[in-house]
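What follows is the residue order along each chain.
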Amino acid sequence: MSNPDDCVRVAAVGDVHLDADVLGRYRPALEHLGDKADMLLLAGDLTRHGTPEEARCVAQEFGGLAVPVIAILGNHDYHSDQQDEVAKILEDAGLIVLECSGTVLGCGPLRVGVAGTKGFGGGFAGACASEFGEPEMKAFTHHGRELAERFGLALAALECDVRIALTHYSPVPETLLGEPLEIYPFLGSYQLAQAIDGAPGVGLAVHGHAHAGSERGTTPGGVPVRNVAHPVIRQAYNVYQLSAVLAPA
Ligand SMILES: [Fe+2]
Ligand SMILES: [Fe+2]
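Residues numbered from 1 in each chain as written. Chains lettered and ligands numbered in written order. Predicted model: local features only at pLDDT ≥ 70, side-chain atom pairs only at ≥ 80, totals over all residues. Heavy atoms only, no water.

Student: Quick one: what's the story with the coordination of the iron ion (ligand 1), residue by residue and with numbers?
Tutor: At 2.1 to 2.3 Å from the iron ion (ligand 1) lie its protein donor atoms, namely Asp-15 (OD), His-17 (NE2), Asp-45 (OD) and His-211 (NE2). Sequence spacing among the residues donating to the iron ion (ligand 1) works out to D-x1-H-x27-D-x165-H. Distance-wise, the iron ion (ligand 2) is placed 3.5 Å from the iron ion (ligand 1), both being coordinated by Asp-45. Of this pair, Asp-15 sits in the loop between strand 1 (7-13) and helix 1 (27-30) while His-211 sits in the loop between strand 10 (202-207) and strand 11 (216-218), and the two are 196 residues apart along the sequence. (Donors = N, O, S within 2.8 Å, 3.2 Å for Na, K, Ca; no water. Helix = DSSP H or I, 4+ residues; strand = E, 2+ residues; numbered from the N terminus.)

Student: Please give an account of the packing of aromatic side chains that cites residues and values.
Tutor: Summed over the entire model, instances satisfying the criterion amount to 4 aromatic pairs. Between Tyr-26 and Phe-62, the aromatic rings sit 6.0 Å apart at their centres with planes inclined by 40°, giving tilted as the arrangement. Separated by 36 residues along the polypeptide, Tyr-26 in the loop between strand 1 and helix 1 and Phe-62 in helix 3 (residues 52-62) bring together distant segments of the chain. Assessed through its relative accessible area of 1%, Tyr-26 is described here as buried. Ring-pair connections join several aromatic residues into one group, and the members of that group are Phe-120, Phe-140, Tyr-169 and Phe-186. (Phe/Tyr/Trp six-rings, centres within 6.5 Å; stacked < 30°, edge-to-face > 60°. Buried < 20%, exposed > 50% of the residue type's maximum accessible area, 1.4 Å probe, protein only.)

Student: Any chance you could break down the pairing of strand 1 for me, citing the residues and the numbers?
Tutor: Of all 7 residues making up strand 1, 7 are buried, and the element is well covered by its neighbours. Side chains Cys-7, Arg-9, Ala-11 and Val-13 project from strand 1 onto one buried face, and the interleaved Val-8, Val-10 and Ala-12 project onto a second face that is buried too. Judged from the 6 bridges that link them, strand 1 and strand 13 (residues 238-243) form a sheet pairing that is antiparallel. For Ala-11, the partnering residue across the bridge sits in strand 13 and is Val-239. Pairing of strand 1 with strand 2 (residues 39-43) involves 4 bridges; the strand directions are parallel. (Pairing = 2+ DSSP bridges.)

Student: Any chance you could break down the coordination of the iron ion (ligand 2) for me, citing the residues and the numbers?
Tutor: Around a metal, the ideal angle is 109.5 degrees if four donors adopt a tetrahedral arrangement and 90 or 180 degrees if six donors adopt an octahedral arrangement. Coordination sphere of the iron ion (ligand 2), protein contribution only: Asp-45 (OD), Asn-75 (OD1), His-168 (NE2) and His-209 (ND1), at 2.1 to 2.2 Å. In the primary sequence, the donor residues of the iron ion (ligand 2) line up as D-x29-N-x92-H-x40-H.

Student: Can you tell me about the sheet that holds strand 9 (residues 162-167), naming the residues and giving the values?
Tutor: The strand order across the open sheet built from 6 strands is 5-6-9-10-12-11, with neighbouring strands paired in mixed fashion. Bordering the open sheet on either side are strand 5 (101-107) and strand 11, each of which pairs with just one other strand. On average, each strand axis in the sheet is inclined to that of its neighbour by 25°, with strand direction left out of account. In terms of strand pairing, strand 10 meets strand 12 (residues 224-227) through 3 bridges, oriented parallel. Counted as the bridge partner of Ala-205 is Val-225 from strand 12. Where helix 5 (residues 135-157) meets the sheet, it contacts strand 5, strand 6 (110-117), strand 9 and strand 10, and its direction lies at approximately 160° from that of strand 9. (Axes fitted to C-alpha atoms, helices over the stretch in contact; angles between N-to-C directions. Contact = heavy atoms within 4.5 Å.)

Student: Give a detailed account of the environment of Val-13, specifying residues and quantitative values.
Tutor: Tracing the sequence through the fold places Val-13 in strand 1. For the pair Val-13 and Asn-75, spaced 62 residues apart in sequence, the C-alpha separation works out to 16 Å. With residues up to four places along the chain from it excluded, the contact list for Val-13 reads Leu-41, Leu-42, Ala-43, Val-228, His-230, Ile-233, Gln-235, Ala-236 and Tyr-237.

Printed below as a string of structure tokens:
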């Protein structure tokens, strides 16, 4: 795929769930990534159980590539309560790890901004959790709201020509199609879509987590959403081509 000056090619995959047993599965397909994309986004659930040993597998698989790699962690990467160590291992391998934060990369004449968060569940319009009742319910709902709000601020603060949102949990229900309706509140939150739609000119929102979901959706504000969970896209990565979004005068 060629790269016109006014476009950026974004490769993305999530839910690779690496451990020693599947180490090496992705690497052959990544060797020529630089010919096909300008960056690689990893949409969380990079490990199976969030151990440092598994994180070193991720570092080995996705470190030292020809393009920058920007990652967020997923819920599996938190499972062993060693998420900080997991992130450090990835950063030591040269990956950029985001959590309610952003980064801007130069891509030809374009500044490409990516903000990321794990995000959290909570559900969608008409069927969502609220901060009411037991402390546990309030804590569940509050966690999602807090991450979405901080993520929205990071996304809006990017000074860039192309703005990309990277989450693990889904911002919309459309990309969950195929999952049991009963677990939608554990797969995403409308508050992530609010954060994305609240930032100016977001060109693409990428997420994972919903292994049985669908690839394509759109936020209420019209931002394209893509579920890049590996079981959904069924290849090492998808590539999306984006142009600069001109801010309204
Ligand atoms: Fe996953
Ligand atoms: Fe997940």
